[in-house]
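Fold and geometry: a report
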Amino acid sequence: ELDVFQLIFYASGVTVLLLFVILLVQRKTGLLLNQTRRRWFMSMFIGAFNPLLYYLVLLKAYSLLPAQLAQPLNMIWPIVLALLSVPLLKQKIGWISVTALLVSFTGVVFISSQGGLSGFRNTNFTGVVLAVGSSLMWSLYWIFNVRDPRDEIVKLFLNFFFGFIYLAVAVFFFSSFRVTAGTGFYAAVYVGIFEVGITYVLWMKAMQLSTSNAKIGNLVFLAPFLSLVFIRFILKETLYFTTFTGLIFIVAGIFIQQIDKKNH
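Since this is a predicted model, take the numbers as computed values, not measurements.

Within the chain, the secondary structure is distributed over 13 helices and zero strands. Going from the N terminus to the C terminus, the chain shows its helices and strands as α-α-α-α-α-α-α-α-α-α-α-α-α. Across the 264 residues in the chain, those meeting the buried criterion constitute 46%. Across the chain, contacts joining residues at least 24 apart in sequence account for 84% of those joining residues at least 6 apart.

In this structure, L156 and Y200 are the most contacted members of the largest nonpolar core, which totals 58 residues. One finds A67, L228, L247 and V251 within the second-largest nonpolar core, a separate group that totals five residues.

It is worth spelling out the packing of helix 4 (residues 67-74) against helix 7 (residues 125-146) at this point. Two quantities define a packed helix pair, namely the angle between the axes and the distance from one axis to the other. For the pair helix 4 and helix 7, interaxial distance at closest approach is 8 Å and the crossing angle is 30°. Taken together, the axes of helix 4 and helix 7 lie roughly parallel to each other. Both helix 4 and helix 7 take part in a crossing whose hand is right-handed. Counted together, L69, A70, L73 and N74 of helix 4 and V128, A131, S134 and S135 of helix 7 form the full contact between these two elements. A class-by-class count of the residues in the contact of helix 4 with helix 7 yields five nonpolar, three polar and no charged.

All chains considered together, the criterion is met by 23 aromatic pairs. Arranged with centres 5.5 Å apart and planes meeting at 75°, the rings of F161 and F162 form a pair that is edge-to-face. Relative accessible area serves as the criterion here: at 34%, F161 is assigned to the partly exposed category. What makes F162 buried here is its relative accessible area of 11%. What links up through ring pairs into an aromatic cluster is the set Y54, Y55, W138, Y141, W142, F160 and Y200. Above the face of the F233 ring, R232 is positioned so that its terminal group lies 6.0 Å from the ring centre.

With respect to the secondary-structure elements, T15 resides in helix 1 (residues 4-25). We classify T15 as buried; its relative accessible area is 0%. Along the sequence, T15 and G192 sit 177 residues apart, while their C-alpha atoms lie 4.9 Å from each other. When residues no more than four places from it in sequence are discounted, the contact partners of T15 are F160, G192, V196 and G197.

Of note, the amide linkage connecting N50 to P51 takes the cis form, showing an omega dihedral of 20°. The residue P51 is located in helix 3 (residues 37-64) in this model. Notably, K236 is not glycine yet its phi reads approximately 60°, a positive angle. Mapped onto the elements, K236 comes out in the loop between helix 12 (222-233) and helix 13 (241-263). Its relative accessible area of 58% is what places K236 among the exposed residues.

Looking now at helix 6 (residues 95-113). In this model, helix 6 (19 residues) spans 28 Å end to end at C-alpha, consistent with the 27 Å of a helix rising 1.5 Å per residue. The complete set of buried residues in helix 6 reads I96, S97, A100, V103, S104, G107, V108, I111, S112 and S113. Phi turns positive, to about 105°, at G115, one or two residues after helix 6.

Below, the discussion takes up the pattern of salt bridges. Scanning the model with the defined rule gives three salt bridges in all. Across the pair D151 and K28 runs a salt bridge whose closest N-O atoms are separated by 2.8 Å. In this pair, D151 sits in the loop between helix 7 and helix 8 (152-174) while K28 sits in the loop between helix 1 and helix 2 (30-33), placing the two residues 123 residues apart along the sequence. A relative accessible area of 28% places D151 in the partly exposed class. Where D148 meets R150, a salt bridge forms, and the shortest distance between an N and an O atom there is 2.6 Å.

Cut-off values and rules
Along each chain, residues carry numbers from 1 onward, in the same order as the chain's sequence is written. The predicted origin of the model limits local features to residues at a pLDDT of at least 70 and limits the giving and counting of side-chain atom pairs to 80 or more, whereas totals for whole chains, interfaces and linings rest on all residues. Side-chain measures were taken over the full set of non-hydrogen atoms in the model, leaving aside hydrogen atoms and water. Per the convention used, a helix needs a DSSP run of H or I reaching at least four residues, while a strand needs a run of E reaching at least two, with both numbered from the N terminus. Partly exposed describes any residue whose relative accessible area lies between the buried limit of under 20% and the exposed limit of over 50%, with all areas from a 1.4 Å probe on protein chains only and scaled to the type maximum. Contact criterion: two residues are considered in contact whenever any of their non-hydrogen atoms come within 4.5 Å of each other. Definition of nonpolar core: a set of buried residues of the types Ala, Val, Leu, Ile, Met, Phe, Trp, Tyr and Cys, connected through side-chain atoms within 4.5 Å. Axes, fitted as lines to C-alpha atoms, cover a helix only where it is in contact. Angles between the N-to-C directions of the axes lie from 0 to 180 degrees. An angle below 35 degrees is treated as roughly parallel, one above 145 as roughly antiparallel, one from 65 to 115 as roughly perpendicular, and anything else as oblique. For any helix crossing, the convention is left-handed if the near helix is rotated counterclockwise from the far helix by under a right angle, and right-handed if that rotation is clockwise. Residue type decides the class: Asp, Glu, Lys and Arg count as charged, Ala, Val, Leu, Ile, Met, Phe, Trp, Tyr, Cys and Pro as nonpolar, and the leftover types, Gly among them, as polar. What counts as a ring pair is set by centres within 6.5 Å for rings of Phe, Tyr and Trp (its six-membered ring), and what kind of pair is set by the plane angle: stacked under 30 degrees, edge-to-face over 60, tilted for all other angles. In this analysis the charged atom, NZ for Lys or CZ for Arg, is taken to sit over a ring once it is within 6 Å of the ring centre and within 35 degrees of the ring normal. By definition here, a helix of n residues has an expected span of 1.5 Å times n minus one. We define a salt bridge as a side-chain nitrogen of Lys or Arg found within 4 Å of a carboxyl oxygen belonging to Asp or Glu.

Below is the structure:
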């Protein structure tokens, strides 16, 4: 019912409202005005990555690929994050991370085969490039956030506020603001609350409360396996054995990369 631009535009609008309510509850609205010019520009810049670029790329990939292909490909972001941390955060990368990258790439090949060698002919490689590219956008977003010392909720709200403005311009030029109350609209509200809203807040709170970020980080690896259950029973997709095989390789690569992170 909604195109990619409309979906993320309305979802981001819901997210902005949700984050503003959280700021009110936490009595942090005064911090919004206490921003330097550099911090305003930082929010404008990061907002272009998320929600604008990241979700437009990701949702376009979802529209071109089966869910069982797009979702695991998006999960390679921890590997991409490790690689980008070398030039952008001046971190070192060891042979373990290189091995992790190769293992995860093997998983990408398995998933892209969609059941066998003949499946490559049916794979939309534009969608594959976009799904992998979304991991690049996501990793850049978090690297820029690491370099931003502001209160987490404040900078999250400002990022989405500017991203929402960018999305309004994108909808004006490439789509329309017309929407009817139906499944698509309610889905956009759901996405705004859970996909790009409260989930960010819960994740940051978990990071604050945990004594080991590595432990809660590992819980993220449950997501792709749980997603396959939803994909099978809600979307009714026939799952290929290569999807499970590839997913195991991708998660194994991420685990290996976590070992390298602990060693540093």
